[in-house]
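Given next are the chains, with one letter for each unit.
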Amino acid sequence: MIQHAVRHVGVAAGLLLCSATLTLAQGNATQWTKDGNGYVRVQQDEIVQLDARDASKSLTLISKQQLTPQGQSAPLKVRRFTFSDDGRQVLLNTNTKKVWRYDTRGDYWVYNLASKQLTQLGKGRPESSLMFAKFSPDGSKVAYVSEHNLYVENLADNRITALTTDGTDRLINGTFDWVYEEELDCRDGFRWAPDGQSIAYWQLDATKTRNYLMMNTTDALYPFTIPVEYPVVGEDPSRCRVGVVPVAGGETRWMNVPGDAVQHYIPRMEWAGNGELILQQLNRRQNESKLMLCTTATGAVKPIYTDTDKAWVDAKAEAVGWNWIEGGKSFVWSSEKDGWRHLYTIDRKGKEKLLTKGNFDVISLESINEKEGTIYFMASPTNATQTYLYKVALKGGSAQRVTPQNLPGSHSYEISPNGKLALHTYSSSTVYPVSDVVALPNHQRLSGGETPAQAKNLKLPTPEFFQVKTVDGVTLDGWMVKPANFDPNKKYPIVFYVYGEPASQTVTDRFGTGSNRLYQGSMAEDGYIYASLENRGAPAPRGREFRKAIYHNIGSLNIRDQAMGAKEVLKNSFVDTSRVAVWGWSGGGSSTLNLLFQYPQIYKTGISIAAVDNQLNYDNIYQERYMGLVPEDKHYFVDNSPLAHAKNLRGNLLLIHGTGDDNVHYNNAEQMINELVRNNKVFQLMSYPNRSHSISEGEGTSRHLAATFTKFLKENCPPGGR
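Residues numbered from 1 in each chain as written. Predicted model: local features only at pLDDT ≥ 70, side-chain atom pairs only at ≥ 80, totals over all residues. Heavy atoms only, no water.

## Describing the packing of helix α5 (residues 557–569) against helix α6 (residues 587–598)
Moving on, step 1. Direction vectors running N to C along α5 and α6 enclose 65°, while the axes themselves pass 10 Å from each other. In terms of their interaxial angle, α5 and α6 are classed as roughly perpendicular. Here α5 and α6 pass one another in a crossing that is right-handed. On the side of α5, the interface is formed by N558, I559, Q562 and A563, while α6 contributes S591, N594, L595 and Q598. (Axes fitted to C-alpha atoms, helices over the stretch in contact; angles between N-to-C directions. Helix = DSSP H or I, 4+ residues; strand = E, 2+ residues; numbered from the N terminus. Parallel < 35°, antiparallel > 145°, perpendicular 65-115°, else oblique. Left-handed = near helix turned anticlockwise from the far one by under 90°. Contact = heavy atoms within 4.5 Å.)

Below is the structure:
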């Protein structure tokens, strides 16, 4: 999940996320031409169109000179761009600033390709305050959010109409609060109607959400606080509702979504045709998902489909867009109701049809080619560490693998609108990422495929993938990088890298696996075994039972899986059981502490970075999704938190945390410090003032973090064979 990728920032050198996963927040998806044979991108401060079939063919659409505002000497630095539906205008996003994770705030300009005019939008609004600007369907207007209010600007005369005026820091129109953004991947909070006459938008009322006060003690003579609205476990979510407002201005018509507007979430909403919306509602426990059609003229709401789970139901994977087919009569949806994540078609009356039958998980939906009657999706039925492209008939049937069999590893695709071409990237633990253009469905390479020059002299670790079966009968995937010049007659120290929670996998066959950017030098050359295991609860494509066994059990089941898996690994004669270390970041930091505290006979040294030490400290959407609700489920949060087991520390512990962490707050570290002190447990601590969850801000920070990590590991888990 994108919103929790930050929970393990910088864990492995070269750790790559599929480009599609960061589309909304980090930049545009590939801007394909309407015929699907070319794509457009920013290249050397110009906007260029390339022929996907022939890399030598390119056309400059907007030059540097054309991107240079009147009176200025340098072209705009374009971060994102979008074409109007008729292709005559381009919306340019520049001068962007971060809103928590991503730079979704900035300035917007429109370039008219016919008149060759470059015009800035939002004149009179504060600099870099515009968010999620979008053309109207006819290209005559642009809507955007600024300072939590929604505006429409007429491009003919640049007249600005405020559609909402009640927005404040806590009454949020057209975008979202901290926790919706972090845990539900919600950022862009408004949608143009197909006829361009109205706009649907979210409104969140966070006025009752308490602030977490982060303390800045270094940037002024007197310390000051930085407030973040942050609902911890048990605190109510923001009141959430969806409304529709005319673009000419006027009253908002609110949709009459049933139930308590506070005790629910609306993670996804789109238009379902003129005069109708479709939305997804999750209950507070997130174990019931309802899809509803809304009549915008009256606000009337009709539930059409319900999905439930004893654990939790995930929000619709794509944050923006709804996968309509048959001219809007039905759509494609995913569910785990039969024990595997499969694709279904659902019509407007809620009638469903299974498309991807079989004992395998659909990892993600990639493309629907209705003309050819084909759906493309990612899956890996026989190896949960890898990802491949598959296709299935839109009417359902047997899935067929599209990715060639001779390319084992991890693949990603950006498929053109006509479904005939794809930008394809491939890597594995031993193969540097390679990009090419392929024709579908035969996967014929049309261009690209060359190994980048920087890869030729790069020395990669060589992980060995394996499986272990624990004493509980659970089979876990793992990888291991053995020391250079490995001698099976010697015993080597082993360092386990762990995450352990539902937000991320660590055992994947892709570039970067087996590397550790926090280690200065080479772990293999220095004589360490480096390894990782994938416990139940990780989002691996191994079925619902594997993933959701962790419900109520973060800090228990995942920790036992890791420990029992480690016991099997330690049976290898070349592993020195007196030199066993474990480390992790965020959820992995929590797992590190629990492993060190609960299984001190196995793990002798631990490095815990940015850990949730007390699950009651973390945000409600994430932690309640996997652990339940308080007060009735409070014992799960308390009993499974590292804080409850700190008294059992016997080994060597290094705690690392940034005091400016807005995600996993520094009070986690301080509560752990207090508990260790109370129990007379000696440990080491490294606090980074005002650094966020990534601990990356400030000159020299990353270098210092790596030096601290490496020194502690070498002193407490000495390298080398014996």
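From this point, the narrative continues.
## Looking at the pattern of salt bridges
Moving on, step 1. Within this structure, the stated rule accounts for 39 salt bridges.
Moving on, step 2. D309 is paired through a salt bridge with R544; the nearest N and O atoms lie 2.7 Å apart. With a gap of 235 residues between them, D309 in the loop between β23 (301–308) and β24 (324–325) and R544 in helix α4 (residues 544–548) connect regions that are remote in the sequence. In terms of burial, D309 and R544 fall into one category: buried.
Moving on, step 3. With a shortest N-O distance of 2.8 Å, R445 and D436 are connected by a salt bridge. (Salt bridge = Lys/Arg side-chain N within 4 Å of Asp/Glu carboxyl O. Buried < 20%, exposed > 50% of the residue type's maximum accessible area, 1.4 Å probe, protein only.)

## Considerations on unusual backbone geometry
Of all residues except glycine, most have a negative phi; of all peptide bonds, most are trans.
Moving on, step 1. The peptide bond linking L440 to P441 adopts the cis configuration, its omega dihedral lying at 10°.
Moving on, step 2. Examined against the element boundaries, P441 turns out to sit in the loop between β34 (431–439) and β35 (444–448).
Moving on, step 3. Omega for the peptide link from V630 to P631 comes to 10°, which places this bond in the cis form.
Moving on, step 4. The phi dihedral of D45 is positive, around 65°, even though this residue is not glycine.
Moving on, step 5. Summarising the element assignment, D45 is placed in the loop between β2 (38–43) and β3 (46–51).
Moving on, step 6. We classify D45 as partly exposed; its relative accessible area is 23%.

## Considerations on the packing of aromatic side chains
Moving on, step 1. One pass over the full model with this rule turns up 26 aromatic pairs.
Moving on, step 2. Seen in terms of ring centroids, F81 and F83 are 6.1 Å apart; in terms of plane orientation they differ by 85°. Their pairing is edge-to-face.
Moving on, step 3. In this structure F83 comes out as partly exposed when scored by relative accessible area, which is 21%.
Moving on, step 4. Pairing W322 with F331 gives two aromatic rings, centres 5.9 Å apart and planes at 75°, and the pair type is edge-to-face.
Moving on, step 5. When its relative accessible area of 9% is taken as the criterion, W322 is described as buried.
Moving on, step 6. Under the relative-accessibility criterion, F331 is labelled buried at 0%.
Moving on, step 7. Feature note: the residues W178, Y230, W312, Y618, Y622 and Y626 constitute an aromatic cluster, connected by ring pairs.
Moving on, step 8. Lying over the aromatic face of W322, K316 brings its terminal NZ or CZ to 5.6 Å of the ring centre.
Moving on, step 9. For the cation-ring pair, K548 lies above W312, with the distance from its terminal atom to the ring centre recorded as 5.2 Å. (Phe/Tyr/Trp six-rings, centres within 6.5 Å; stacked < 30°, edge-to-face > 60°. Lys NZ or Arg CZ within 6 Å of the ring centre and 35° of its normal.)

## So, the state of the cysteines
Moving on, step 1. Using the criterion set out here, one finds 0 disulfides in the structure.
Moving on, step 2. Here C240 is not cross-linked by a disulfide; its sulfur's nearest cysteine counterpart is in C186, at 8.1 Å. (Disulfide = S-S within 2.5 Å.)

## What to know about empty space enclosed by the protein
Moving on, step 1. Under the defined criterion, the tally for this structure stands at 4 cavities of 30 Å³ or more.
Moving on, step 2. Here the second largest cavity is characterised by a volume of approximately 70 Å³.
Moving on, step 3. Contributing to the lining of the second largest cavity are 14 residues, with E501, I554, S590, V612 and Q615 lying nearest its centre.
Moving on, step 4. Here the element with the most residues in the lining of the second largest cavity is α6; it accounts for 3 residues. (1 Å grid on protein atoms, 1.4 Å probe; cavity = no way out; pocket = protein on both sides within 12 Å on 5 of 7 lines; lining within 4 Å. Points joined across faces, edges and corners; volume = space filled by probe spheres on them.)

## Description of the sheet that holds β3
Moving on, step 1. The sheet built from 4 strands is open, its strands ordered β1-β2-β3-β4 with antiparallel pairing. Each end of this open sheet is capped by a strand with a single partner; those strands are β1 (31–32) and β4 (54–62).
Moving on, step 2. Relative to β4, β3 runs antiparallel, the two being bridged by 5 bridges. Its bridge partner lying in β4, D51 is registered against D54. (Pairing = 2+ DSSP bridges.)

## Digging into the pairing of strand β7 (residues 102–112)
Moving on, step 1. With 9 of 11 residues buried, β7 is to be regarded as a mostly interior element.
Moving on, step 2. Bridging between strand β6 (residues 89–99) and β7 involves 8 bridges; their strand directions are antiparallel. Each residue of the ladder has a partner; that of V90, found in β7, is Y111.
Moving on, step 3. Where β7 and strand β8 (residues 117–120) come together, 4 bridges link them in antiparallel fashion. By the bridge assignment, W109 is partnered in β8 with Q120.
Moving on, step 4. Linking β7 back to β8 in an antiparallel pair, the connection comprises 4 residues, with K116 at a positive phi of about 60°.

Function-wise, these values are silent; they only describe arrangement.
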